[in-house]
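Each chain, written out:
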Amino acid sequence: MNLQALQIGVKSFINLSSFAGRPRSLKTGQLGSLRLRVMSSKRGVSSSTKSAAAASIVDDKKDNKLKGMSGDCSEDVLIEESCWKVQSVEFQSIKDDPAKIEAMTVQELRATLRKFGVPTKGRKGDLVFALKHFMGKKKDGENSQELEERISINSLKNISLQKNTKRTSDESCIVSINTVSEVSGFKKSKRRMKQSPGEDEIVNVDTEIATTKRKLSNTKIATTKRKLSNTKIATTKRKLSIKTDDLITLPQAEPWTVLAHKKPQKGWIPYNPRIIRPAPLTDGNSVKLMSWNVNGLRALLKLEGFSALELAQRENFDVLCLQETKLQDKDVDSVKQCLIDGYENSFWTCSNAKLGYSGTAIISRIKPLSVCYGLGIPDHDSEGRVVTAEFDSFYLVNTYVPNSGDGLKRLSYRTTQWDPSLSNYMKELEKSKPVILTGDLNCAHQEIDIYNPAGNKRSAGFTEEERQSFGSNFLSKGFVDTFRKQHPNAVGYTYWGYRHGGRKTNRGWRLDYFLVSESIADDVHDSYIVPDVNGSDHCPIGLVLKV
C-alpha cells in the first residue's frame, strides 16, 4: 500500500502536463505551494493529499490559461483597430499634402511603404517614386473602402506574425521549465532509492518518464525551428516578389544615347547625333567628307546586312576616306569594279612590308587636282598609311597612324618619329592651302575620349607619351580638333573593342578625327559621328565644310 501511494505521488509530481499554460500564469504563491508539497512527500504525506494538491494546481493553470487567451484576443482586436485608424489617418495626411513624401527619410519611407504593402527596395529616389505612384494609383482607381480593407489586411498580418513570435517564445519557456522539472524529479527519485523499498522499480519508471519528456521536448524545439524557418522563407519571398504594376520600365535606348564613362564630369552629355547635329545647310556651297576604319574591306563587302549603296544614299558624301583596308595591290582592280556609280575617282595604297596589313584609300565623286602617296620618307611609306588628295580649296590627308602595339613595342617609333614627320608634312602643305587631316589617329587625347581612363594609362592609344605627342605635334601646331571644338562636353566614341563586347554597352574610345587648319576651323558646319553603322570595330565619322 505504501509503495503504490509513493508511485502515484511520484507520477503526479513528474506529470507536468498541467504546466501547459503560459509561463506568465505561474504565480509565486503557486510555485511555493508546489515546493511545500514536494517537501511533504519526503516526510511521508499520503497519496490522496498529493493528488488533491496536483488537481488544485491543474485547475489554477487552466483558469489562468483561459484568462490569458481571453486577454490576448481582446488585445489583438484593440491593436488591429488602432493600427487601422493610424494607417488610415496617415494615408489621408499624405494624400492631402504630397510634399511630405519628399521630406521623409529613407527609414520613414520604407516604414510607410510596408504599412501599405508596397515593396521597399531601392534608394530614396526609388522609394519616393514608389510611394507617389501608390498614392496616385489609389486616387485614380481605388476607393476608400478598398484601401481600408487593404490596410486592415496588412495590420492583421503584422499582428499574426507578432502572435506567432510570442507563442514561439512561450513554447521555449515551457520546454525550459519541463527540462528543469525532469532533472529535479530524477534527483529526488535517486534520494528515495536510499529511503524506501522497491527502489529499482520507482527509478525505472521515473527514468522512462524523463526520457519520454526529453524526446517530446526535442520534438517541440525542432518543430518550432521549422516553423520559424518557414516563416522567414515566406517573409523573404513576399519581400522579393514585386508586382508588375510597381516595376519601372525603361525604354530600350540605343547604347550611344546613354552617358557611358567610368568617371563622368559635371556637364558631360552623351553624343546622340539625332538630336545634337545641326540642321543641314540649305544654301551656299559645301562639301561632305567621311572617314572610316573598315578593319578589312573585303570582309566588310561580304558581310550580310551591309550595303555600301545604302550608306552612300543615306549620307550623300562627296569623299570617303578608308583606313585599314588590308588589301594587296593585286586586289585593288577587283574592288574598284564594285564601286558605286558616281564615285569613279579612287586612290589606293597598300602595305608592301607586310601583306594584308594596314592600307588606305580615298574614294571621291569630285576629281582631285593631284594625288600623292606616303610622306616622302621611305622608313614610313612601306606600310601604305597615307594618301593625300588636293582639291580646289584644301588638301585632304587620309592617314592610318601606327598603333603602339602590344607591350608598347612601337611607342617610341610612334611618338619620336612618325608623329613629328606627319606634322612637318602637314605644315609644309599648309604653306599653299589649308589642310584637313582625317583617319584613325590611334590616340584618345583626353579623358572624355575614353570610357575607362584610369584603367588604360599604359594601354596603346592612351599613354601619356601619345597624348602629349598628339598635343604638341598637331594641336599646338595650329590644327583644330573639329569634333571637340563643336562638342566640348559630348562623350562620343568611334572605336569599341570586340573582346569585351564594348559596343553593346558603349564602352569605347574616340580614335578617329577630322583635324583642320585654324584658318578654316570656323567654316566647319558639322563634325559628327555615325555610331549606328556596323561592320567594323570602328564607326564612320563625317565633316561638313562650307567652301
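Residues numbered from 1 in each chain as written. Predicted model: local features only at pLDDT ≥ 70, side-chain atom pairs only at ≥ 80, totals over all residues. Heavy atoms only, no water.

A.B. asks: How would you summarise the UniProt feature "domain: SAP" (unreviewed entry) in the protein chain if you had to cite specific residues and measurements?
C.D. replies: The sites that UniProt annotates as "domain: SAP" (unreviewed entry) are residues 101-135. This span, residues 101-135, is 71% helix and 0% strand, and a straight line between its end C-alpha atoms measures 10 Å. (UniProt positions renumbered as here; feature names shortened; annotations may be inferred. Helix = DSSP H or I, 4+ residues; strand = E, 2+ residues; numbered from the N terminus.)

A.B. asks: So what's going on with the confidence of the model for the protein chain? Which residues, and what values?
C.D. replies: The pLDDT averaged across the protein chain works out to 76; a share of 62% of its residues lies at or above 70. Segment residues 60-81: pLDDT under 50, and 20 contacts once partners within four positions in sequence are set aside and those in other chains are kept. (pLDDT = per-residue confidence, 0-100. Contact = heavy atoms within 4.5 Å.)

A.B. asks: A description of the pairing of strand β12 (residues 512-517) should follow, citing residues and the corresponding values.
C.D. replies: The element β12 is extensively covered by neighbouring structure, given that 6 of its 6 residues are classed as buried. The sheet contact formed by strand β10 (residues 479-481) and β12 spans 3 bridges and is antiparallel. When the bridges of β12 are listed, phenylalanine 479 appears paired with serine 517. (Buried < 20%, exposed > 50% of the residue type's maximum accessible area, 1.4 Å probe, protein only. Pairing = 2+ DSSP bridges.)

A.B. asks: Lay out the pattern of salt bridges with the relevant residues and their values.
C.D. replies: Applying the stated criterion to the full structure yields 24 salt bridges. Note that glutamate 315 is salt-bridged to lysine 288, the shortest N-O span being 3.7 Å. Of this pair, glutamate 315 sits in helix α11 (residues 308-315) while lysine 288 sits in strand β2 (residues 286-293), and the two are 27 residues apart along the sequence. Between arginine 414 and glutamate 466 there is a salt bridge, with the nearest N and O atoms lying 3.4 Å from each other. You can see arginine 414 sitting in helix α14 (residues 411-430) and its partner glutamate 466 sitting in helix α15 (residues 464-475), a full 52 residues away along the chain. We classify arginine 414 as buried; its relative accessible area is 1%. Counted as one network, the salt bridges with shared partners bring together Lys288, Arg314, Glu315 and Asp532. (Salt bridge = Lys/Arg side-chain N within 4 Å of Asp/Glu carboxyl O.)

A.B. asks: Give a description of the packing of aromatic side chains that names residues and reports values.
C.D. replies: Counted under the stated rule, the structure contains 6 aromatic pairs. Measuring from ring centre to ring centre gives 5.2 Å for tyrosine 271 and phenylalanine 483, while their planes differ by 70 degrees; the resulting arrangement is edge-to-face. Here phenylalanine 483 lies in helix α16 (residues 482-486) and tyrosine 271 lies in the loop between β1 (269-270) and α9 (273-276), a separation of 212 residues in the sequence. Of the two residues, tyrosine 271 and phenylalanine 483, neither departs from the other in class, the shared state being buried. (Phe/Tyr/Trp six-rings, centres within 6.5 Å; stacked < 30°, edge-to-face > 60°.)

A.B. asks: Could you give an account of empty space enclosed by the protein, naming the residues involved and the relevant values?
C.D. replies: Overall, the coordinates contain 7 cavities of 30 Å³ or more when judged by the stated rule. Here the largest cavity is characterised by a volume of approximately 60 Å³. Around the largest cavity sit 13 residues that line it, and Phe483, Asp512, Ser527, Tyr528 and Ile541 are the ones nearest its centre. The set of elements that each furnish at least two residues to the lining of the largest cavity consists of α16, β12, β13 (524-529) and β14 (541-546). Split into classes, the residues belonging to the lining of the largest cavity amount to 6 nonpolar, 4 polar and 3 charged. (1 Å grid on protein atoms, 1.4 Å probe; cavity = no way out; pocket = protein on both sides within 12 Å on 5 of 7 lines; lining within 4 Å. Points joined across faces, edges and corners; volume = space filled by probe spheres on them. Nonpolar A, V, L, I, M, F, W, Y, C, P; charged D, E, K, R; others polar.)

A.B. asks: How would you sum up the nonpolar core? Please name residues and give values.
C.D. replies: In terms of nonpolar packing, the biggest core is built from 56 residues, with Leu289 and Ile436 touching the most fellow members. If we ignore the near neighbours within four places in the chain, the residues touching leucine 289 are Val319, Phe394, Leu396, Ile436, Phe514, Ile541, Gly542 and Leu543. The next biggest cluster of nonpolar side chains, apart from the first, holds 20 residues, and it includes Val397, Leu422, Val435 and Leu515. (Core = buried A, V, L, I, M, F, W, Y, C linked by side-chain atoms within 4.5 Å.)

A.B. asks: I'd like to hear about helix α5 (residues 106-115), residue by residue, with values.
C.D. replies: Owing to its 3.6 residues per turn, the α-helix brings residues three or four apart onto one side. Those residues of α5 that sit buried are Leu109, Thr112 and Leu113. Projected down its long axis, α5 shows its buried positions confined to an angular sector of 100 degrees, all on one face. Turned more than 90 degrees away from the buried face of α5, the exposed residues are Gln107 and Arg114. At the exit of α5 stands glycine 117, carrying a positive phi of roughly 75 degrees. (Arc of directions from axis to C-beta.)

A.B. asks: Describe the packing of α14 against α15, naming the residues involved and giving the relevant values.
C.D. replies: Direction vectors running N to C along α14 and α15 enclose 15 degrees, while the axes themselves pass 10 Å from each other. Put simply, α14 runs roughly parallel to α15. The two elements α14 and α15 cross, and the hand of that crossing is right-handed. Here Leu411, Arg414, Thr415, Asp419, Pro420, Leu422, Ser423 and Met426 of α14 lie close against α15, whose contacting residues are Glu465, Glu466, Ser469, Asn473 and Phe474. Class assignment of the residues belonging to the contact of α14 with α15 gives a composition of 5 nonpolar, 4 polar and 4 charged. (Axes fitted to C-alpha atoms, helices over the stretch in contact; angles between N-to-C directions. Parallel < 35°, antiparallel > 145°, perpendicular 65-115°, else oblique. Left-handed = near helix turned anticlockwise from the far one by under 90°.)

A.B. asks: Now, about the sheet that holds strand β4 (residues 345-349): what can you tell me, with residues and values included?
C.D. replies: Taking strand neighbours across the sheet as the criterion, the 6 strands line up as β4-β5-β3-β2-β14-β13 in an open arrangement whose pairing is mixed. Each edge of the sheet is formed by a strand with only one pairing partner; in this case those strands are β4 and β13. Across this sheet, the average inter-strand angle for adjacent strands is 10 degrees, counted without regard to direction. Judged from the 6 bridges that link them, β2 and β14 form a sheet pairing that is antiparallel. Following the sheet pairing, methionine 290 is matched in β14 by glycine 542.

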